[in-house]
Amino acid sequence: MNADTLKSNIDKLLERVRLSAQKSQRENSIRVLAVSKTRSADEIRRAAGLGLHEFGENYLQEALAKIAELSDLDLCWHFIGPIQSNKTRPIAEHFHWVHSVDRLKVARRLSEQRPRSLPDLQICLQVNISGEASKSGVDLAELPALARAVMALPRIRLRGLMAIPAAGLEPEAQHAAFATLRRALENLQQEAPELDTLSMGMSGDLEAAIAEGATIIRVGTDIFGPR
Ligand SMILES: *Cc1c(COP(=O)(O)O)cnc(C)c1O
């Protein structure tokens, strides 16, 4: 993608975010996570040059190569893909955030493996809000117990929740799915008011997510083009 297209995509996206926040009378403190899976280090460098600072990656090997290649830049790296429990160490060592923690075993390993020289690893629990349609994510019924256990672990800090609703939902169903995640966070906040993050909304549904309280949106296609 040429530099002009990338710039105009980013400008359009930030305008959508601004308008959505305004429409739901929210302060525009929404963080844009640029999802850079399958994109080259050069593309990420160009996006960083245009002001993006946070990047989300799904595939570990690919991500580690890009993180190394871009180590001269001051970027914030988020792991957002499925996690195999035997692959947690490089995640604990190289990322700032992990959005896709959905079981205690993974959280324990990230906690043990987070280098003591680094700040706490920031964690979101991935919640399954689409029932049987999804295999990833903790079920709502099991979320409170998992959240409590994760909050007790050292060197990782629970920040909030993440979800990926089923694809192709009508706007009404998108709103309903995101509202489910917001209410789940509100329930946890009764015990843990410091939880402050709702990671929800992608290229196709970010307006609904922002209306329902997203604090981080994860956008790939509408920044970098189709994969
Ligand atoms: C790929 C991906 C995104 C970005 O999706 P787009 O539709 O390209 O914006 C967001 N979140 C997760 C977890 C993803 O895997």
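No experiment lies behind these values; they were computed from the predicted model shown.

**Here we look at the site of the ligand**
Close to the ligand lie Val35, Lys37, Asn58, Ile80, Ile164, Met202, Ser203, Arg218, Val219, Gly220, Thr221 and Arg227, which account for all nearby residues. Serine 203 is positioned such that a nitrogen or oxygen atom in its side chain is 2.5 Å from an oxygen atom of the ligand. In isolation the ligand offers 390 Å² of accessible surface; the protein chains occlude 90% of this area. Considered class by class, the residues forming the shell around the ligand number 5 nonpolar, 4 polar and 3 charged.

**Quick word on the nonpolar core**
Counting residues in hydrophobic clusters, the biggest one holds 65 residues, and the most contacted among them are Phe55, Leu110, Leu125, Leu161 and Ile223. Setting aside residues no more than four positions away along its own chain, isoleucine 223 makes contact with Met1, Leu6, Asn9, Ile10, Leu13, Val32, Ala34 and Leu52. In terms of nonpolar packing, the next biggest core, distinct from the first, is built from 8 residues, Leu33, Cys76, Cys124 and Ile216 among them.

**Overview of the pattern of salt bridges**
For the structure shown, the criterion picks out 14 salt bridges. Residue lysine 66 is joined to glutamate 62 by a salt bridge in which the shortest nitrogen-to-oxygen separation is 2.6 Å. Taken as a pair, lysine 66 and glutamate 62 lie in helix H3 (residues 60-69) at a separation of 4 residues, close to a single helical turn. A salt bridge links aspartate 196 to arginine 159, with the nearest nitrogen and oxygen atoms 3.0 Å apart. Here aspartate 196 is found in the loop between helix H7 (171-191) and strand E8 (197-199), whereas its partner arginine 159 is found in strand E7 (residues 156-162), with 37 residues between them in sequence.

**Quick notes on the UniProt feature "modified residue: N6-(pyridoxal phosphate)lysine" (unreviewed entry) in the chain**
Per the UniProt annotation, the sites labelled "modified residue: N6-(pyridoxal phosphate)lysine" (unreviewed entry) are Lys37. According to the relative accessible area criterion, lysine 37 is buried, its value standing at 16%. Contacts of lysine 37, omitting those with residues within four sequence positions, involve Gly56, Glu57, Asn58, Tyr59, Glu62, Lys66 and Arg227.

**Concerning the packing of aromatic side chains**
What the rule picks out here adds up to 2 aromatic pairs. Geometrically, the ring pair formed by phenylalanine 55 and tryptophan 77 is tilted, given 5.9 Å between the ring centres and 40° between the ring planes. Of the two residues, phenylalanine 55 is situated in strand E2 (residues 54-57) and tryptophan 77 in strand E3 (residues 76-79); the sequence distance between them amounts to 22 residues. Tryptophan 77 matches phenylalanine 55 in its accessibility class, with the two residues each being buried.

**Examining the packing of helix H6 (residues 143-151) against H7**
Where H6 meets H7, the closest approach of the two axes is 11 Å, and the angle between their N-to-C directions is 50°. Considering their axes alone, H6 and H7 lie oblique with respect to each other. Crossing of H6 over H7 shows right-handed handedness. Only Ala184, Leu188 and Glu191 of H7 make contact with H6, whose side of the interface consists of Leu143, Pro144, Ala147 and Arg148. Class assignment of the residues belonging to the contact of H6 with H7 gives a composition of 5 nonpolar, no polar and 2 charged.

**Overview of the environment of glycine 201**
With respect to the helices and strands, glycine 201 occurs in the loop between E8 and helix H8 (206-211). It is 23 Å that separates the C-alpha atoms of glycine 201 and glutamate 142, two residues lying 59 residues apart in sequence. Residues within four places of glycine 201 in sequence aside, it is in contact with Phe178, Leu206, Ala209, Ile217 and Arg218.

**Thoughts on the side chain of serine 203**
Within the secondary structure, serine 203 sits in the loop between E8 and H8. Looking at serine 203, its side chain comes within polar contact range of the main-chain nitrogen of threonine 221, at 3.5 Å. In terms of polar contacts, serine 203 uses its side chain to reach the backbone amide nitrogen of aspartate 222, at 3.1 Å. Ignoring anything within four residues of it in the chain, the contact list for serine 203 reads Arg16, Arg218, Val219, Gly220, Thr221 and Asp222.

Rules behind the numbers
- Residues numbered from 1 in each chain as written.
- Predicted model: local features only at pLDDT ≥ 70, side-chain atom pairs only at ≥ 80, totals over all residues.
- Heavy atoms only, no water.
- Near = heavy atom within 4 Å.
- Polar contact = N/O pair within 3.5 Å; in protein donor to acceptor, adjacent residues only side chain to side chain.
- Areas by Shrake-Rupley, 256 points an atom, 1.4 Å probe, with all protein chains shown as cover.
- Nonpolar A, V, L, I, M, F, W, Y, C, P; charged D, E, K, R; others polar.
- Core = buried A, V, L, I, M, F, W, Y, C linked by side-chain atoms within 4.5 Å.
- Buried < 20%, exposed > 50% of the residue type's maximum accessible area, 1.4 Å probe, protein only.
- Contact = heavy atoms within 4.5 Å.
- Salt bridge = Lys/Arg side-chain N within 4 Å of Asp/Glu carboxyl O.
- Helix = DSSP H or I, 4+ residues; strand = E, 2+ residues; numbered from the N terminus.
- UniProt positions renumbered as here; feature names shortened; annotations may be inferred.
- Phe/Tyr/Trp six-rings, centres within 6.5 Å; stacked < 30°, edge-to-face > 60°.
- Axes fitted to C-alpha atoms, helices over the stretch in contact; angles between N-to-C directions.
- Parallel < 35°, antiparallel > 145°, perpendicular 65-115°, else oblique.
- Left-handed = near helix turned anticlockwise from the far one by under 90°.

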